[in-house]
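Okay, here's what each chain looks like letter by letter:
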Amino acid sequence: MIEKTFIIKNKLGLHARPAALLVRITNQHVADVYLARDGNKVNGKSIMGILTLAAGRDSELVLYVDGEDEEIVMRKLSELIESGFGEE
Amino acid sequence: MSGIKVDDLLAKGDNEFELTLLAGDAGLQNRILAPGINRPGLALAGYMENFPCDRLQLLGKRELSYLSTLSAKKRREHLGSILGSPIPCIILISDASPPSELLKIAQKKAVPVLRSSLGGSMLIPQLHDFLEKQFEPRTSIHAVLVDLYGVGVLLIGKSGIGKSECALELISRGHRLVADDVVDIKLKAGKYLMGNGAELIRHHMEIRGLGVINISKLFGARAVRNQERVGLVVQLEDWDAEKAYDRIGLMEENYEMLGVKVPMITVPVKPGRNISTIIEVAALNQRLIRMGYHSAREFNERLIGWMQEEKKLIEEIKGD
């Protein structure tokens, strides 16, 4: 299992559009993905779960990826989150 | 060839326009090539620039009394140039009596002169309506059109995906069939699409294993409609594990027909997914959007508001 911490950079935070982009990646792979914020941990393949985190700008998000393709999943998710989900 | 024949005007309804042919019977096969109606006032005065000769020409008492003020020579000359243009026909309103030159020239040039007993205010809107309908752009599409809560839902997708089966289930739940298999689509008023079925197969469906069934006989009058405005397109397709489906409802997909965009959703089909229920809810959601409530958008705005509120709180605490 790999783990990595991110800071949400885009203005609107982890709202519906970014969450949709996120689950699109996690659902394409077999690795289990979990996202945690302030002690709340949710399944990274569930869009409603991710939205309950209400991770706004500057909040800290921990990703846990576990499975045979964990490396590639983590790389793709890192790119997505670090790019601010393609938003400002 | 496009356009409609002058003969079609006489044949419409039980001579609905109350027309009598006065002259020019040889031209009854002439074509009306544009939906407008022209009152050739300027042409009667001799001005023929940009004369719209592709549409029908309407003369009323006003035009005829103007003609009577002209000298016989001028009258013949001006009528000659109008009737010499490739106009489809002339219609006289309110039982007006034409000058004899008009009938004579029209007969010679094979331009039908029709007289209606209806007045302009009655005849013109009726003619407009009739002509507009004949000239509406139309197309036909392989689909099923059902009416769900007043929203016309067009089901599209490749043959065998289950469009008809899905529609049948919706009908047995109390919704209405408009057309199965071949849906004729017409552009109305240049901005919305009206769908209906071909007359021959109207209200019939073909269900694999059952054959052809008559929906209005099986389910009664409540189960059918003759036409419906297309409000939503639902594209059915095989479930594709590789494809990303809309998970939020913020993506706005459209389906374009005759230059009009209709909201579209793509629904993947897979055993265990009750497609009819999904489509029923999609139609309801579309109704809600039309009424001004967009579930996905409102939800996202609430979420963003929540996140910003929380951030402000944290900053205030830090600031203290």
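Residues numbered from 1 in each chain as written. Chains lettered and ligands numbered in written order. Predicted model: local features only at pLDDT ≥ 70, side-chain atom pairs only at ≥ 80, totals over all residues. Heavy atoms only, no water.

The helix and strand tally for chain A stands at three helices and four strands. Helices (α) and strands (β) of chain A occur, in sequence order from the N terminus, as β-α-β-β-α-β-α. Principal axes of the C-alpha set define a box for chain A whose edges measure 35 × 25 × 20 Å. At a minimum sequence separation of 6, the contacts of chain A that also span at least 24 residues come to 70%. Here chain A carries 11 positive and 14 negative side-chain charges, and the mean point of each set is 7 Å from the other. (Helix = DSSP H or I, 4+ residues; strand = E, 2+ residues; numbered from the N terminus. Contact = heavy atoms within 4.5 Å. Lys, Arg positive; Asp, Glu negative; His and termini not counted. Charge placed at Lys NZ, Arg CZ, Asp CG, Glu CD.)

Counting its secondary structure elements, chain B contains 10 helices and 16 strands. Relative to the globule expectation of 20 Å for 320 residues, the C-alpha radius of gyration of chain B, 29 Å, shows a markedly less compact shape. Taken along its principal axes, the extent of the C-alpha atoms in chain B is 95 × 70 × 35 Å. Taken across its 320 residues, chain B has 42% of its residues classed as buried. Long-range contacts, defined as pairs at least 24 residues apart, comprise 68% of the intrachain contacts of chain B with a sequence gap of at least 6. For chain B, the computed accessible surface area is about 16,900 Å², with 52% contributed by carbon and sulfur atoms. (Rg over C-alpha atoms; globule rule 2.2 N^0.38 Å. Buried < 20%, exposed > 50% of the residue type's maximum accessible area, 1.4 Å probe, protein only. Areas by Shrake-Rupley, 256 points an atom, 1.4 Å probe, with all protein chains shown as cover.)

Turning to the sheet that holds strand S2 (residues 32-37) of chain A, a few remarks are in order. In sheet architecture, strand pairing relies on hydrogen bonds along the backbone and comes in two forms, parallel and antiparallel. All names here are of chain A. Strand order across the open sheet formed by four strands is S1-S4-S2-S3, with antiparallel pairing between neighbours. Whereas interior strands pair on both sides, the edge strands pair on one side only; in this sheet they are strand S1 (2-7) and strand S3 (40-43). Each neighbouring strand pair of the sheet contributes to a mean axis angle of 25°, computed without reference to strand direction. Looking at chain direction, S1 and strand S4 (residues 60-66) are connected through six bridges and run antiparallel. Directly across from Ile 2, in S4, lies its bridge partner Val 65. Strands in contact with helix H3 (residues 70-82) are S1, S2 and S4; relative to S1, the strand with the most contacts, it is inclined by about 0°. (Pairing = 2+ DSSP bridges. Axes fitted to C-alpha atoms, helices over the stretch in contact; angles between N-to-C directions.)

Let's shift gears to helix H9 (residues 275-290) of chain B. All names here are of chain B. The end-to-end C-alpha distance of H9, which contains 16 residues, comes to 22 Å, matching closely the 22 Å that a straight helix rising 1.5 Å per residue would cover. Buried residues of H9: Ile 275, Ser 276, Ile 279, Glu 280, Ala 282, Ala 283 and Gln 286, and no others. Projected down its long axis, H9 carries its buried residues within an arc of 160°, all on one side. Summarising the contacts, the buried residues of H9 are in contact with strand S8 (138-148), strand S9 (151-156), helix H7 (163-172), strand S14 (227-238) and strand S16 (260-269). Taking the backbone nitrogen of Ser 276 as reference, a side-chain oxygen 3.2 Å away marks Asn 274 as the first, capping residue of H9. (Expected span 1.5 Å × (residues − 1). Arc of directions from axis to C-beta. Polar contact = N/O pair within 3.5 Å; in protein donor to acceptor, adjacent residues only side chain to side chain.)

Below, the discussion takes up a positive patch on the surface. Residue and element names in this part refer to chain B. A cluster of like positive charges, contributed by Lys 191, Arg 229, Arg 287 and Arg 290, occupies part of the molecular surface. Here Arg 287 is to be found in helix H9. Given the relative accessible area of 38%, Arg 287 is considered partly exposed. (Patch = residues over 30% accessible without salt bridge, like charges linked within 9 Å, V, L, I, M, F, W, Y side chains within 5 Å. Salt bridge = Lys/Arg side-chain N within 4 Å of Asp/Glu carboxyl O.)

All names here are of chain B. Mapping Glu 237 onto the fold places it in strand S14. Its relative accessible area of 19% is what places Glu 237 among the buried residues. Setting aside residues no more than four positions away along its own chain, Glu 237 makes contact with Ile 161, Lys 243, Tyr 245, Thr 266, Val 267, Pro 268 and Val 269.

Let's shift gears to the interface of chain B and chain A. Of the residues lining the interface, 15 residues belong to chain B; the matching set on chain A comes to 22 residues. Overall, the association of chain B and chain A removes approximately 1,400 Å² of surface from exposure, summing both partners, and the carbon and sulfur fraction of that is 64%. Connecting chain B to chain A are two salt bridges. Notably, a salt bridge pairs Arg 37 of chain A with Glu 310 of chain B, separated by 3.2 Å at the nearest N-O pair. Applying the counting rule to chain B against chain A returns four residue pairs in polar contact (both at pLDDT 80 or more). Partitioned by chemical class, the residues of the side of chain B that touches chain A number nine nonpolar, two polar and four charged. (Buried area = accessible area lost by both parts, 1.4 Å probe. Nonpolar A, V, L, I, M, F, W, Y, C, P; charged D, E, K, R; others polar.)

Bringing the packing of helix H1 (residues 16-26) of chain A against H3 of chain A into the picture now. All names here are of chain A. Here H1 crosses H3 at 170°, and the two axes come no closer than 10 Å. Judged on the interaxial angle alone, H3 and H1 are roughly antiparallel. Residues Leu 21, Leu 22, Ile 25 and Thr 26 of H1 touch H3, and the partners they reach there are Lys 76, Leu 77 and Leu 80. In terms of residue class, the contact of H1 with H3 is built from five nonpolar, one polar and one charged. (Parallel < 35°, antiparallel > 145°, perpendicular 65-115°, else oblique.)

All names here are of chain B. Strand order across the open sheet formed by five strands is S2-S7-S6-S5-S4, with mixed pairing between neighbours. Each having just a single partner strand, strand S2 (19-23) and strand S4 (37-38) make up the two edges of the open sheet. Lying over the sheet, helix H6 (residues 120-135) contacts S4, strand S5 (56-59), strand S6 (90-92) and strand S7 (113-116), oriented at roughly 175° with respect to S5.

Counting 33 residues, the largest nonpolar core has Leu 14, Leu 22, Leu 35, Ile 50, Leu 61 and Leu 63 of chain A as its most contacted members. Those elements that provide at least two residues to this core are H1, S2, helix H2 (47-52), S4 and H3 of chain A together with helix H10 (295-319) of chain B. A per-element tally of this core places H1 of chain A first, with six residues. Not counting residues within four places of it along the chain, the set of residues in contact with Leu 35 of chain A comprises Leu 14, Leu 22, Asn 40, Lys 41, Val 42, Gly 44, Ile 50, Leu 53, Leu 61, Val 62 and Leu 63 of chain A. (Core = buried A, V, L, I, M, F, W, Y, C linked by side-chain atoms within 4.5 Å.)

All names here are of chain B. Burial analysis of strand S11 (residues 192-197) places five of its six residues in the buried class, which makes it a mostly covered element. Direction of pairing for strand S10 (residues 176-188) relative to S11: antiparallel, over a ladder of six bridges. The residue bridging Lys 186 from the neighbouring strand is Met 194, located in S11. With antiparallel pairing between neighbouring strands as the criterion, S10 and S11 make up a hairpin whose turn holds three residues, including Ala 189 at a positive phi of roughly 50°. Taken together, the three bridges between S11 and S14 define a ladder with antiparallel strand orientation. Note on S14: the bridge partner recorded for Met 194 is Arg 229.

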